[in-house]
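# Structural features, examined
Here's the letter readout for the chains.
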Amino acid sequence: MAVPRHKHTRSKVGKTRMHKNIKRVVLSLCPKCKKPILSHTACRNCGFYKGKEVVNVLAKLTKKEAKSREKEIKAVEKETKAEAK
Ligand SMILES: [Zn+2]
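The sections below set out a description of the structure shown in this document. (Residues numbered from 1 in each chain as written. Predicted model: local features only at pLDDT ≥ 70, side-chain atom pairs only at ≥ 80, totals over all residues. Heavy atoms only, no water.)

## Notes on the coordination of the zinc ion
Geometry reference: four tetrahedral donors at a metal, ideal angle 109.5 degrees. Six octahedral donors, ideal angles 90 or 180 degrees. Heads up, the rule is: Donor criterion used throughout: N, O or S atom within 2.8 Å of the metal, extended to 3.2 Å for Na, K and Ca. Water excluded; incomplete-looking sites may result. The rule is simple: four donors are tetrahedral if all their angles sit between 85 and 135 degrees, four are square planar and six octahedral if opposite donors span more than 155 degrees and the others lie between 65 and 115, and anything that fits none of that is irregular. To qualify as a helix, a DSSP run of H or I must reach at least 4 residues; to qualify as a strand, a run of E must reach at least 2; elements of each kind are numbered from the N terminus. Type-normalised accessible area, obtained with a 1.4 Å probe on protein chains alone, sets the label of each residue: buried when under 20%, exposed when over 50%, and partly exposed for intermediate values.
Only Cys-30 (SG), Cys-33 (SG), Cys-43 (SG) and Cys-46 (SG) from the protein coordinate the zinc ion, and they sit 2.2 to 2.3 Å from it. If you look at the zinc ion, its four donor atoms make angles of 104 to 116 degrees with each other, and the shape they trace is tetrahedral. One chain supplies every donor for the zinc ion, spaced along it as C-x2-C-x9-C-x2-C. Remark: Cys-46 occurs in the loop between β2 (36–38) and β3 (48–49) and Cys-33 occurs in the loop between β1 (27–29) and β2; sequence separation between them is 13 residues. Of the two residues examined, Cys-33 and Cys-46, each falls in the buried class.

What follows is the structure in structure tokens.
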């Protein structure tokens, strides 16, 4: 029977088992645009956090991209309003 030559320290064991403890990222949906977001962070798609605009996401986009993004957000807003009624 093979016998281990050296003792494995706790840290060495921990390093080899490190990848077994990787947890799934839990995502929630943005209440404004319904895209998956990390909790407790501003939405990267619409820039809203807790119902307020925190980041102006349209500022860095080109005119064409900004227009399409705005359209997309408005469409989702309409959908949510229709569902609420
Ligand atoms: Zn959003």
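## A look at a positive patch on the surface
Using the following cut-off: Patches were defined on residues exceeding 30% relative accessible area and lacking a salt bridge, with like-charge contacts within 9 Å and nonpolar side-chain contacts (Val, Leu, Ile, Met, Phe, Trp, Tyr) within 5 Å. Method for areas: the Shrake-Rupley scheme with a 1.4 Å probe, in which residue coverage is limited to the protein chains shown. Definition used for salt bridges: Asp or Glu carboxyl oxygen within 4 Å of a side-chain nitrogen of Lys or Arg. Only four residue types enter the charge count, namely Lys and Arg as positive and Asp and Glu as negative; His and the chain termini do not. To locate a charge, the coordinates of NZ of Lys, CZ of Arg, CG of Asp or CD of Glu are taken.
Together, Lys-7, Arg-10, Arg-17 and Lys-20 line one region of the surface with positive charge. Relative to the helices and strands, Arg-17 is located in helix α1 (residues 10–17).

## Topic: the environment of Met-18
Its place among the elements puts Met-18 in the loop between α1 and β1. Owing to a relative accessible area of 59%, Met-18 belongs among the exposed residues under this scheme. As for Met-18 and Cys-30, which are separated by twelve residues in sequence, their C-alpha atoms are 32 Å apart.

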